[in-house]
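Here are the chains, one letter per residue:
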Amino acid sequence: MEKAAFDARYEEYRQAVEDYLQGLFTEAPHWKDLYEAMRYSLLAGGKRIRPVLTLEFARLAGMDWRGALPAACALELVHTYSLIHDDLPCMDDDDLRRGKPTNHKVYGETLAVLAGDALQPEAFRLILTAPDLAAERRADCARILAEAAGADGMVAGQVIDTLHAPATEEELTEVHRLKTGAMIAGACKLGAAAAGDRALLAAAEEYGYQLGLAFQIRDDMLDVIGTDAFGKPIGSDKEEGKVTFVDLLGLEGCDKAVLAATERAKAAVTAYDREGFLSALADSLAERNK
């Protein structure tokens, strides 16, 4: 796919997601400070990779992708909650996220925790009230998101990462598969499920997991070689004493691992990605600097 065409489609998806998110939590009840904290992180920018993937897989399955926006944005709500909680002093204790002060630095730890708590059930409300999805498809999407984000998915990865001190390549791969890959694979599967295309689920899952692995290894690299564009403090993993793929493979080895995972991702969707959007997206993430 030519870069101009890829950029145009990506931007169309991204802007649709931004517009949808902008319309959430705009009321002003007397607990509006909660809404403000939720919106602060939800609207902080970012590449919106996960919802873009949901929308593209819905399109590939023959659906008008706009009907999948509630499911796509639901996953973004869960992703945002996880970032708010990851940044807390009891977790990664980060001061910056996407180049801005983290939620707890602006609103305090209590409201940051509660903002994250609120975003998670609101995500399921978006799915379960999605106007363009039949009841069966809503249920499938809710289950996929719960599995991706729950005790056998993202949260499990966070537990291993923060409490079990992973130190081998096998252990780090498991962390990345659960903590990052489960949500990216979930995003891909959400698009297929919103469209009711069960045949696409396996390819979507494999693409997402391989993309997630490549994404996280690249993240490990950027923690060493990144610039201010990375949006997070450089060297935070080393400062926290975490073992990363850079420690195990070196930068050159990480480059090779990112390329290999990217190629596996692209191979998983060869039969569906006829225009090459998913392939182009995988390549762009492998080379990203933020």
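Residues numbered from 1 in each chain as written. Predicted model: local features only at pLDDT ≥ 70, side-chain atom pairs only at ≥ 80, totals over all residues. Heavy atoms only, no water.

1. Regarding the environment of Cys 188
Relative to the helices and strands, Cys 188 resides in helix H9 (residues 169-194). In the structure, Cys 188 is positioned 60 residues away from Leu 128 in sequence and 18 Å away in space, judged by C-alpha atoms. Ignoring any residue separated from it by four or fewer positions in sequence, one finds Cys 188 in contact with Leu 53, Phe 57, Ala 204, Tyr 207 and Gly 208. (Helix = DSSP H or I, 4+ residues; strand = E, 2+ residues; numbered from the N terminus. Contact = heavy atoms within 4.5 Å.)

2. A few points about the packing of helix H1 (residues 3-22) against helix H4 (residues 69-86)
Where H1 contacts H4, the axes come no closer than 10 Å and their chain directions differ by 75 degrees. The orientation of H1 with respect to H4, classified from their angle, is roughly perpendicular. Contacts from Ala 16, Val 17, Tyr 20 and Leu 21 of H1 reach H4 at Leu 69, Pro 70, Cys 73, Glu 76 and Leu 77. Of the residues contributing to the contact of H1 with H4, the split by class is eight nonpolar, no polar and one charged. (Axes fitted to C-alpha atoms, helices over the stretch in contact; angles between N-to-C directions. Parallel < 35°, antiparallel > 145°, perpendicular 65-115°, else oblique. Nonpolar A, V, L, I, M, F, W, Y, C, P; charged D, E, K, R; others polar.)

3. Points about empty space enclosed by the protein
Enumeration according to the criterion identifies two cavities of 30 Å³ or more in this entry. Estimated volume of the largest cavity: approximately 110 Å³. Together, Tyr 40, Ser 41, Ala 44, Leu 83, Ile 84, Asp 87, Arg 97, Arg 98, Lys 100, Pro 101, Thr 102 and Asn 103 line the largest cavity. Secondary-structure elements contributing two or more residues to the lining of the largest cavity are helix H2 (32-42), H4 and strand S2 (100-101). Here the second largest cavity is characterised by a volume of approximately 40 Å³. Forming the boundary of the second largest cavity are Asp 140, Ala 192, Ala 193, Gly 196, Asp 197, Arg 198 and Leu 201. (1 Å grid on protein atoms, 1.4 Å probe; cavity = no way out; pocket = protein on both sides within 12 Å on 5 of 7 lines; lining within 4 Å. Points joined across faces, edges and corners; volume = space filled by probe spheres on them.)

4. Here's the deal with the packing of aromatic side chains
Tallied over the full model, the rule gives eight aromatic pairs. Consider the rings of Phe 6 and Tyr 10, whose centres lie 5.9 Å apart with planes at 50 degrees: the pair is tilted. In this pair, Phe 6 and Tyr 10 both sit in helix H1, four residues apart, roughly one turn of the helix. We note Arg 50 situated over the ring of Phe 215; from NZ or CZ to the ring centre the distance is 5.9 Å. Over the ring of Tyr 209 we find Arg 177; its NZ or CZ atom is 3.8 Å from the centre of that ring. (Phe/Tyr/Trp six-rings, centres within 6.5 Å; stacked < 30°, edge-to-face > 60°. Lys NZ or Arg CZ within 6 Å of the ring centre and 35° of its normal.)

5. Considerations on a nonpolar patch on the surface
Together, Val 155, Val 159 and Leu 163 line one region of the surface with nonpolar side chains, adding up to about 240 Å² of accessible area. Tracing the sequence through the fold places Val 159 in helix H8 (residues 154-163). Taking the relative accessible area as the measure of exposure, Val 159 reaches 33% and is therefore partly exposed. (Patch = residues over 30% accessible without salt bridge, like charges linked within 9 Å, V, L, I, M, F, W, Y side chains within 5 Å. Areas by Shrake-Rupley, 256 points an atom, 1.4 Å probe, with all protein chains shown as cover. Salt bridge = Lys/Arg side-chain N within 4 Å of Asp/Glu carboxyl O. Buried < 20%, exposed > 50% of the residue type's maximum accessible area, 1.4 Å probe, protein only.)

6. A few points about the layout of surface pockets
The space that makes up the second largest pocket amounts to roughly 180 Å³. Together, 13 residues line the second largest pocket, and Phe 25, Glu 27, Tyr 35, Glu 122 and Arg 125 are the ones closest to its centre. Of all elements in the fold, only H2 and helix H6 (109-128) reach the threshold of two or more residues within the lining of the second largest pocket. The element contributing the most residues to the lining of the second largest pocket is H6, with five residues.

7. Concerning the nonpolar core
In this structure, Leu 53, Leu 77 and Tyr 207 are the most contacted members of the largest nonpolar core, which totals 75 residues. Tallying contributions element by element places H4 first for this core, with ten residues. Leu 213, Phe 245, Ala 257 and Ala 261 belong to the second largest nonpolar core, which has twelve residues in total. (Core = buried A, V, L, I, M, F, W, Y, C linked by side-chain atoms within 4.5 Å.)

8. Remarks on the pattern of salt bridges
With the rule as written, the count across this model stands at 25 salt bridges. With a shortest N-O distance of 3.6 Å, Arg 14 and Glu 18 are connected by a salt bridge. Here Arg 14 and its partner Glu 18 are both found in helix H1, four residues apart, which amounts to about one turn of the helix. Judged by its relative accessible area of 11%, Glu 18 falls in the buried class. Note that Glu 56 is salt-bridged to Arg 59, the shortest N-O span being 2.9 Å. Placement of the pair is Glu 56 and Arg 59 together in helix H3 (residues 49-60), with a separation of three residues, close to one helical turn.

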